[in-house]
Amino acid sequence: MLEIRNLHARIAEDGTEIIRGLNLTVKAGEVAAIMGPNGSGKSTLSYILAGRDDYEVTEGDILYNGESILELDPSERAAKGIFLAFQYPMEIPGVATMEFLKVALNSQRKARGEEPLKIPEFLSRVKTAASSLDMDIGMLKRPLNVGFSGGEKKRAEILQMKLLEPKLCVLDETDSGLDIDALKIVADGVNALRSPDRAVIVITHYQRLLDYIVPDSVHVLYKGQVIKSGDKDLALRLEENGYANIIGEAA
Ligand code: ADP
Ligand code: MG
Ligand code: MG
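Everything numeric here is computed off the predicted structure, so don't read it as measured data.

Visitor: How should I be thinking about the site of ligand 1 in this particular structure?
Guide: Ligand 1 sits among Ile11, Ile18, Gly36, Asn38, Gly39, Ser40, Gly41, Lys42, Ser43, Thr44 and Asp54. The leading source of residues in the shell around ligand 1 is helix H1 (residues 42-50), at three residues. In terms of residue class, the shell around ligand 1 is made up of two nonpolar, seven polar and two charged.

Visitor: Help me understand the environment of glutamine 160 in this model?
Guide: Relative to the helices and strands, glutamine 160 resides in helix H5 (residues 150-164). Sequence spacing of glutamine 160 and alanine 9 is 151 residues, and the spatial spacing of their C-alpha atoms is 28 Å. Discounting residues that sit within four places of it in the chain, glutamine 160 has contacts with Leu101 and Ala104.

Visitor: So what exactly am I meant to see when it comes to the sheet that holds strand E10 (residues 225-230) here?
Guide: Within a sheet, adjacent strands bond to each other through the backbone by hydrogen bonds, running parallel or antiparallel. Read from one edge of the open sheet, six strands run E6-E7-E8-E3-E9-E10, paired in mixed fashion. Taken across any chain shown, the strands that pair with only one partner, and hence form the sheet edges, are strand E6 (82-84) and E10. Taken over all neighbouring pairs, the strand axes of this sheet differ in orientation by 20° on average, direction set aside. Two elements, E6 and strand E7 (residues 168-172), share three bridges in a ladder whose sense is parallel. Bridging from a neighbouring strand, phenylalanine 83 pairs with cysteine 169 of E7. Running at roughly 145° to E7, H1 makes contact with strand E3 (31-35), E6, E7, strand E8 (199-203) and strand E9 (217-222) of the sheet.

Visitor: Is there a simple way to think about the pairing of E10 in this case?
Guide: Look at any regular strand and the pattern is simple: side chains alternate between the two faces of the sheet. Pairing between E9 and E10: five bridges, direction antiparallel. Among the inter-strand pairings, valine 218 is bridged to a residue of E10, identified as glycine 230. Between E9 and E10, which pair antiparallel and follow one another directly, the connecting turn spans two residues, one of which, lysine 223, has a positive phi of 50°.

Visitor: Mind showing me how you'd approach the pairing of strand E2 (residues 17-26) here?
Guide: Taken together, the seven bridges between strand E1 (residues 2-11) and E2 define a ladder with antiparallel strand orientation. Counterpart to arginine 10 in the pairing with E2 is glutamate 17. Between E1 and E2, which follow one another and run antiparallel, lie five residues, and glycine 15 among them has a positive phi close to 80°.

Visitor: Would you take a moment to explain the nonpolar core for this structure?
Guide: Among soluble globular proteins, nonpolar side chains are generally buried collectively. If you look at the biggest cluster of nonpolar residues, it comprises 63 residues, and the most contacted ones within it are Val186, Ile201 and Val202. With six residues, the top contributor of residues to this core is helix H6 (residues 180-193). Filtering out sequence-adjacent residues up to four positions away, valine 186 remains in contact with Lys154, Leu171, Glu173, Leu178 and Leu209.

Visitor: What is the right way to read H6 from this model?
Guide: An α-helix turns once per 3.6 residues; consequently, residues spaced three or four apart project the same way. The terminal C-alpha atoms of H6, which comprises 14 residues, lie 20 Å apart, in line with the 20 Å expected from a rise of 1.5 Å per residue. Among the residues of H6, those classed as buried are Ala182, Leu183, Ile185, Val186, Ala187, Gly189 and Val190. Considering only its buried residues, H6 is in contact with E3, H5, E7, E8 and helix H7 (209-212).

Visitor: Looking at this model, I keep getting lost on H1. Mind explaining?
Guide: Judged by how many residues are buried, H1 sits mostly within the fold: seven of nine residues are covered. Buried within H1 we find Lys42, Thr44, Leu45, Ser46, Tyr47, Ile48 and Leu49.

Visitor: What exactly am I supposed to notice about unusual backbone geometry here?
Guide: Note on backbone geometry: most residues besides glycine have negative phi, and most peptide bonds are trans. Of note, the phi angle at asparagine 6 is positive, near 40°, even though the residue is not glycine. By secondary structure assignment, the location of asparagine 6 is in strand E1. Assessed through the 12 C-beta atoms surrounding it within 10 Å, asparagine 6 is described here as exposed. Although it is not a glycine, asparagine 145 sits at a positive phi angle of roughly 70°. Its location among the elements puts asparagine 145 in the loop between helix H4 (119-132) and H5. The partly exposed category is assigned to asparagine 145, around which 18 C-beta atoms lie within 10 Å.

Visitor: Help me understand the confidence of the model for the protein, please; the structure alone is not making it clear to me.
Guide: Low pLDDT marks stretches whose predicted atomic positions should not be read closely. Summary statistics for the protein give a mean pLDDT of 90 and a share of 97% for residues scoring 70 or more. The ipTM for the predicted assembly is 0.92, set against a pTM of 0.90.

Analysis parameters
Residues numbered from 1 in each chain as written. Chains lettered and ligands numbered in written order. Predicted model: local features only at pLDDT ≥ 70, side-chain atom pairs only at ≥ 80, totals over all residues. Near = placed C-beta within 6 Å. Helix = DSSP H or I, 4+ residues; strand = E, 2+ residues; numbered from the N terminus. Nonpolar A, V, L, I, M, F, W, Y, C, P; charged D, E, K, R; others polar. Contact = placed C-beta atoms within 7 Å. Pairing = 2+ DSSP bridges. Axes fitted to C-alpha atoms, helices over the stretch in contact; angles between N-to-C directions. Core = buried A, V, L, I, M, F, W, Y, C linked by C-beta atoms within 7 Å. Buried ≥ 20, exposed ≤ 12 C-beta atoms within 10 Å, placed from the backbone. Expected span 1.5 Å × (residues − 1). pLDDT = per-residue confidence, 0-100.

Set out below in structure tokens:
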């Protein structure tokens, strides 16, 4: 489903190369974990997959279902089913979460050449998704993420994901602490998304998250390259020994 070949990418503004010859293959049905020390380029990789224009690809390619997506803008990628959690991390005062979800869903439909959803159909989908997450529908009247707890933000993120029904999901669980409740919300959400025609990439440096989401593959990113790939046992080894051994082996 996803094949990243010898990817090199730099920050558009100042030309600093962050991704330096990265190779990664993720098959449909797979849950892949990307781990690595702080500053190794994990978040940058997710932004590049989403198509953010702050980064320039200088070499290599990203193939999605066999076709390069490098020339596609973020909305075209979203229309093809690529979803980056925290694509909309910002708090949006004045816009109810419900309204935000409607815009997100309908702009995806528009990019696919589909009509906007009728309001009753939209509401019924939101209600179904929200109740599957034990989410109070009243919360959706509040502005997105404004004053949400860590757990509520995670629920809102998984809710977006459920509604958009992506094929390739990238979740960047950034350095900010996930408490155990938030961790479980993310894990349950990801596990519910597992399906033979969908791939999930979970970026984390918490081994703990991988106790709940058992990945099919684990890849260690360091200085903009995948320096080691393995199965779930690789994450356990990292937990025990840290990154130093693997970085040493790769060097
Ligand atoms: P990780 O998610 O693995 O912690 P990041 O992708 O956030 O790593 O960052 C990788 C490196 O790139 C860091 O040194 C970071 O400071 C730098 N970096 C990423 N994006 C930018 C940017 N837009 N401007 C300046 N530096 C950046
Ligand atoms: Mg970081
Ligand atoms: Mg990061």
